[in-house]
Amino acid sequence: MSETVQPKTASIPPPMAMLAELTHRCPLACPYCSNPLDLTKAAQELSTEEWARVFRQAAEMGVLHVHLSGGEPASRRDLVELTAAASACGLYTNLITSGIGLTRTRFDALVEAGLDHVQLSIQGVTAQKADTIAGYDGGHAHKLAVAGWIRETGIPLTINAVCHRRNIDDLDRLIDLSLALGARRLEVATVQVHGWAERNRGQLMPTEEQVRRTTETVNRARETLRGVLVIDYVPGDYFATYPKPCMGGWGRIGLNVDPSGTVLPCHAAQTIPALTFENVRDKSLEEIWYRGAAFNAFRGTEWMQEPCRSCERKAIDFGGCRCQAMAIAGDASATDPVCAKSPLRARVSQIADAAVAEPQGAPLIYRGRPARAAR
């Protein structure tokens, strides 16, 4: 696939949000982690000054939100300084955290620095389940304490929950826990089979029945809790009729900057070998967004093959996930194989059937650690 550098045009809006992956360091070892298998080392990370420059560039080009993420962003000793730098640019600052590495004093300093919102990950509704999945004993109890600090300060709280076969049946209890913690929003994300999760596909992929029940539970709770708790839901791909509009469309709404400064359209974009991704150490964020070859590779609809090119849904789901097309079809330009109109849909069903047929209880392959059996 050729890469064509396109000029900035009025048809390309500025990104609304930027995910700032401050580090890949993390005390947790979740077996579904969205970070790449080849983790960025601490010595390769952008410095405080470099991140501050990226925040200024983001604000100048029209970015409204910056999501401070990782790994675990609290692994950065300069997290307070980074939050202050983003806030000083007028960016809405959202901390995406496990809570591990935060103390009450440090959290209060983040609030003082201008922190606007917190997304706190919860791996399960009980300490035993949560700590087993996270690979970190005592983590769940600390998360509950952090949620209390957030509630006391009045900072809006979102609970992030990756749902998989081992915890998805606890969704009703997770909703109750979110309410008890004072969350205003709950993000229920069915595990996406990329990176570390792909290594654990057979242990983590929910069954079709679990996905059906989860969708029903979410719809029911949305109605019951309207005005109390917003529930965002990312359903499981492999049992869907049509694919999701990945990232709201490639290079359309947001961008990621990884710990080393590489700018990506999505978390898994580097799994597409034909693309070369540019770095903020070499070019401005604006130049990369508007003129970068990788960002223009799948923008809009002109790149599409059939059946996407003539499909009435092409401006709805934008062909689906390019990384999933790469992983299953071997071609990032192909229709997302999840789509019912894809000639490879049967292969997706075969993969899903094989995964859910695997015996449960096998050791998980933890992020950056040896396999470990569930307790």
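In case you missed it, the structure is sitting above this.
Everything numeric here is computed off the predicted structure, so don't read it as measured data.

**Some points on the nonpolar core**
Nonpolar side chains in soluble globular proteins generally cluster together in the buried interior.
Here is step 1: Membership of the largest hydrophobic core comes to 63 residues, with the highest contact counts inside it found for Met 18, Trp 51, Phe 55, Val 257 and Leu 285.
Here is step 2: Here this core gets 5 residues from one element, more than from any other, and that element is helix H1 (residues 48-60).
Here is step 3: Once you skip the residues sitting within four places of it in the chain, Trp 51 turns out to touch Ala 20, Glu 21, Leu 22, Leu 46, Arg 76, Leu 82, Val 257, Asp 258 and Pro 259.
Here is step 4: Ranked by size, the runner-up nonpolar core spans 17 residues in total, among them Trp 250, Leu 275, Phe 277 and Ala 294.

**Looking at the environment of Leu 39**
Here is step 1: Relative to the helices and strands, Leu 39 is located in the loop between strand S1 (17-21) and H1.
Here is step 2: On the basis of relative accessible area, Leu 39 is assigned to the partly exposed category, the value being 22%.
Here is step 3: Not counting the four nearest positions on each side in its chain, Leu 39 is found in contact with His 24 and Arg 367.

**Quick word on empty space enclosed by the protein**
Here is step 1: Counted by the stated rule, this structure contains 5 cavities of 30 Å³ or more.
Here is step 2: If you add up the space inside the largest cavity, you get close to 100 Å³.
Here is step 3: What lines the largest cavity is a set of 13 residues, and nearest its centre among them are Val 191, Val 193, Gly 236, Asp 237 and Tyr 238.
Here is step 4: Considering only residue class, the lining of the largest cavity consists of 7 nonpolar, 5 polar and 1 charged.

**Some points on the sheet that holds strand S7 (residues 230-234)**
Here is step 1: Strand order in the open sheet formed by 9 strands is S7-S6-S5-S4-S3-S2-S1-S8-S9, and the pairing between neighbours is mixed. The strands lining the two open edges of the sheet, one partner per strand, are S7 and strand S9 (263-264).
Here is step 2: Bridging between strand S4 (residues 117-121) and strand S5 (residues 157-163) involves 4 bridges; their strand directions are parallel. Across the sheet, residue Val 118 finds its bridge partner in S5, namely Leu 157.

**Overview of helix H5 (residues 139-153)**
Here is step 1: Its 15 residues place the ends of H5 21 Å apart at the C-alpha level, agreeing with the 21 Å of an ideal helix rising 1.5 Å per residue.
Here is step 2: Taken residue by residue, H5 has Gly 139, His 140, Lys 143, Val 146, Ala 147, Gly 148, Trp 149 and Ile 150 as its buried positions.
Here is step 3: Buried residues along H5 sit against helix H3 (104-113), S4, helix H4 (127-134), S5 and helix H6 (171-180).
Here is step 4: Positive phi shows up at Gly 154, right after H5, with a value of about 85 degrees.

**Regarding unusual backbone geometry**
Here is step 1: In this structure, the amide linkage connecting Gly 70 to the following residue, Gly 71, adopts the cis form with an omega of 20 degrees.
Here is step 2: Among the secondary structure elements, Gly 71 is positioned in the loop between strand S2 (65-69) and helix H2 (79-88).
Here is step 3: Following Glu 306, the chain continues into Pro 307 via a peptide bond in cis, with omega recorded as 10 degrees.
Here is step 4: Here Pro 307 is to be found in the loop between helix H11 (293-296) and helix H12 (314-317).
Here is step 5: Even without being glycine, Met 247 reaches a positive phi, approximately 55 degrees.
Here is step 6: Checked against the element boundaries, Met 247 lands in the loop between S7 and strand S8 (254-257).
Here is step 7: Here Met 247 falls in the partly exposed class, since its relative accessible area comes to 36%.
Here is step 8: Unusually for a residue other than glycine, Phe 318 sits at a positive phi of about 55 degrees.
Here is step 9: As for its placement among the helices and strands, Phe 318 is situated in the loop between H12 and helix H13 (322-329).

Cut-offs and rules
Residue positions are given per chain, counted from 1 along the sequence in the order it is written. Per-residue local features of the predicted model are confined to residues with pLDDT of at least 70, and side-chain atom pairs are confined, for both listing and counting, to 80 or more; whole-chain, interface and lining totals are unaffected and use all residues. Only heavy atoms go into the side-chain values, all of them from the structure, while hydrogens and water stay out. Within this scheme, the nonpolar core is defined by two criteria: the residues are buried Ala, Val, Leu, Ile, Met, Phe, Trp, Tyr or Cys, and they are joined through side-chain atoms within 4.5 Å. Each residue is placed in one exposure class: buried if its accessible area under a 1.4 Å probe, protein chains only, is under 20% of its type's maximum, exposed if it is over 50%, and partly exposed if it falls in between. Helix numbering and strand numbering both begin at the N terminus, where a helix is a DSSP run of H or I of at least 4 residues and a strand a DSSP run of E of at least 2. Only heavy atoms matter for contacts: two residues are in contact if any of them lie within 4.5 Å across the pair. Throughout, the protein atoms alone are placed on a 1 Å grid, and a set of points is a cavity if a 1.4 Å probe fits but cannot get out or a pocket if it is open with protein on both sides within 12 Å along at least five of seven lines; lining residues have an atom within 4 Å of a point. Grid points are joined across faces, edges and corners, and a volume is the space filled by probe spheres set on the points. Under the scheme applied, nonpolar residues are Ala, Val, Leu, Ile, Met, Phe, Trp, Tyr, Cys and Pro; charged residues are Asp, Glu, Lys and Arg; polar residues are all the others, including Gly. When DSSP finds at least two bridges between two strands, those strands are taken to pair. Between the first and last residue of a helix there are one fewer steps than residues, each counted as 1.5 Å, and that sum is the expected span.

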